[in-house]
Amino acid sequence: MESLEIPKQEIHIKIDNSISSNKERKNDLADAKPIVLMSILRGLHAGYFRISLSLCSQALLWKIMIAMSHMHSKLPSMAFHLLWYLALVTQVSLCFLYALKCIFLPDMVKAEFLHYIGVNYLYAPSISCLLLLQSAPMMEPNSVLYQTLFWVFAVPVLTLDTKLYGQWFTTEKRFLSMLANPASQVSVIANLVAARGAAEMGWKECALCMFSLGMVHYLVIFVTLYQRLPGGNNFPTKLRPIFFLFFAAPAMASLAWNSISGTFDAVAKMLFFLSLFIFMSLVCRPNLFKKSMKRFNVAWWAYSFPVTFLALDTVQYAQEVKDPIGSGLMLIFSSISVLIFLCMMVLTAANSNRLLRRAPVLGSATSPKDKQKSLPINAAL
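The structure reproduced in this document is the subject of the present report. (Residues numbered from 1 in each chain as written. Predicted model: local features only at pLDDT ≥ 70, side-chain atom pairs only at ≥ 80, totals over all residues. Heavy atoms only, no water.)

## Considerations on the overall build of the protein
Then comes step 1: Check the secondary structure of the protein and you find 14 helices and zero strands.
Then comes step 2: Along the protein, helices (α) and strands (β) appear in the sequence α-α-α-α-α-α-α-α-α-α-α-α-α-α when read from the amino end.
Then comes step 3: Burial status across the protein gives 49% buried among its 381 residues.
Then comes step 4: Across the protein, the fraction of contacts at a sequence separation of at least 24, relative to all contacts at a separation of at least 6, is 80%.
Then comes step 5: Total accessible area computed for the protein in this model is approximately 19,700 Å², and 65% of it derives from carbon and sulfur atoms. (Helix = DSSP H or I, 4+ residues; strand = E, 2+ residues; numbered from the N terminus. Buried < 20%, exposed > 50% of the residue type's maximum accessible area, 1.4 Å probe, protein only. Contact = heavy atoms within 4.5 Å. Areas by Shrake-Rupley, 256 points an atom, 1.4 Å probe, with all protein chains shown as cover.)

Here is the structure:
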């Protein structure tokens with residue numbers, strides 16, 4: 001008998017690894033989230049609070065203009081409320097991220113605190129919070145909540161004043177003549193914003209204290225910078241928009257004195273005219289900012305809030321003098337302020353991929369005493 005041959009059949013068993021691959025994918029995503037967060041925190045610095053500072057000052061401008069014009073239309077009021085809540089969300093988000101950076105990357109925060117440019121922007125969160133409080137549509141200055149929040153935001157300003165101003169005349173290696181730069185005026189603006197807030201609550205003595213503290217140091221910083229001492233030669237080209245702080249400080253001083261005295265008197269007018277003159281001096285020199293405008297960075301937001309402070313001055317000036325010149329200045333500077341603000345919003349949205357990107361070390365921004373020790377601060381500070 002012939003043996004029957006059974007044909008061989010190859011059996012292919014296909015193992016479905018979809019479950020394991022899904023698990024691996026989920027694990028990869030879970031691992032990627034902390035990496036993305038840490039990358040964001042490394043790219044974040046106090047200079048990003050220029051964005052919320054611009055939003056908060058713009059909200060204050062809209063609040064004052066609506067109150068002055070007695071508008072009955074709902075559209076300006078809705079726009080103001082939308083702007084204020086946008087400023088609130090932005091400020092809370094930046095504060096939350098910076099708090100995480102303080103927890104997870106304390107060495108970078110310390111390096112920022114020790115940097116002669118970076119330390120000045122540590123005032124920016126408090127300035128933004130104080131402006132946000134002063135522009136709040138739902139709180140009155142005489143309320144307990146308003147007064148409590150004022151102290152919460154003002155105490156960090158006084159703490160930084162004690163540290164920063166104290167070391168200028170007590171620390172051997174940190175003389176103002178070596179460290180002075182345009183960003184030093186941020187500390188002055190912080191004191192003046194706090195003075196205006198205190199004056200709005202009727203705390204005249206506290207307002208005078210903060211105003212005197214800010215103005216004395218403004219004069220010292222202004223004279224030091226005017227002399228073009230070695231510290232100014234180490235200021236990076238990318239940060240030249242910060243030159244607009246030269247007129248932001250006297251403009252804010254004029255607003256603060258207006259709130260303290262209760263009228264836009266001769267002192268307030270002199271400070272306003274000074275800020276107007278410095279603004280015109282800078283505008284007449286566009287080549288000064290040409291190199292800094294080649295590529296977008298967050299320092300461009302320094303164009304926005306100083307012009308808004310000047311616009312706020314023109315509103316108070318027009319309300320006091322009541323003549324066509326004052327009204328014309330108010331219309332011009334308010335329009336410029338809103339236009340710059342909208343342009344910055346569009347540019348920031350269009351260049352969102354460049355935000356929170358860690359940049360090279362500020363090698364060119366080291367102080368004369370620390371040329372051999374570059375601190376890890378972002379170049380777009």
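## Some words on the nonpolar core
Then comes step 1: Counting 118 residues, the largest nonpolar core has Ile127, Ile189, Phe211 and Phe309 as its most contacted members.
Then comes step 2: The biggest single contributor to this core is helix α10 (residues 245-261), with 12 residues.
Then comes step 3: Residue contacts for Phe211: discarding those within four places in its chain leaves Leu192, Ala195, Ala253, Ala256, Trp257, Ile260 and Leu271. (Core = buried A, V, L, I, M, F, W, Y, C linked by side-chain atoms within 4.5 Å.)

## Considerations on the pattern of salt bridges
Then comes step 1: Evaluation of the coordinates by the stated rule reveals one salt bridge.
Then comes step 2: With a shortest N-O distance of 4.0 Å, Glu200 and Arg196 are connected by a salt bridge. Taken together, the residues Glu200 and Arg196, both in helix α8 (residues 185-200) and four residues apart, mark about one turn of the helix.
Then comes step 3: Using a relative accessible area of 34% as the deciding quantity, one classes Glu200 as partly exposed.
Then comes step 4: For Arg196, a relative accessible area of 7% puts it in the buried group. (Salt bridge = Lys/Arg side-chain N within 4 Å of Asp/Glu carboxyl O.)

## Some thoughts on the environment of Ala194
Then comes step 1: By secondary structure assignment, the location of Ala194 is in helix α8.
Then comes step 2: In this structure Ala194 comes out as buried when scored by relative accessible area, which is 0%.
Then comes step 3: Distance from Ala194 to Trp151, taken between C-alpha atoms, is 9.4 Å for residues 43 residues apart in sequence.
Then comes step 4: For Ala194, the residues in contact, after removing those within four places along its chain, are Leu130, Phe150 and Met210.

## A closer look at a nonpolar patch on the surface
Then comes step 1: The grouping of Trp151, Val155 and Leu158 at the surface amounts to a nonpolar patch, some 240 Å² of accessible area in total.
Then comes step 2: Positionally, Leu158 belongs in helix α6 (residues 144-170). (Patch = residues over 30% accessible without salt bridge, like charges linked within 9 Å, V, L, I, M, F, W, Y side chains within 5 Å.)

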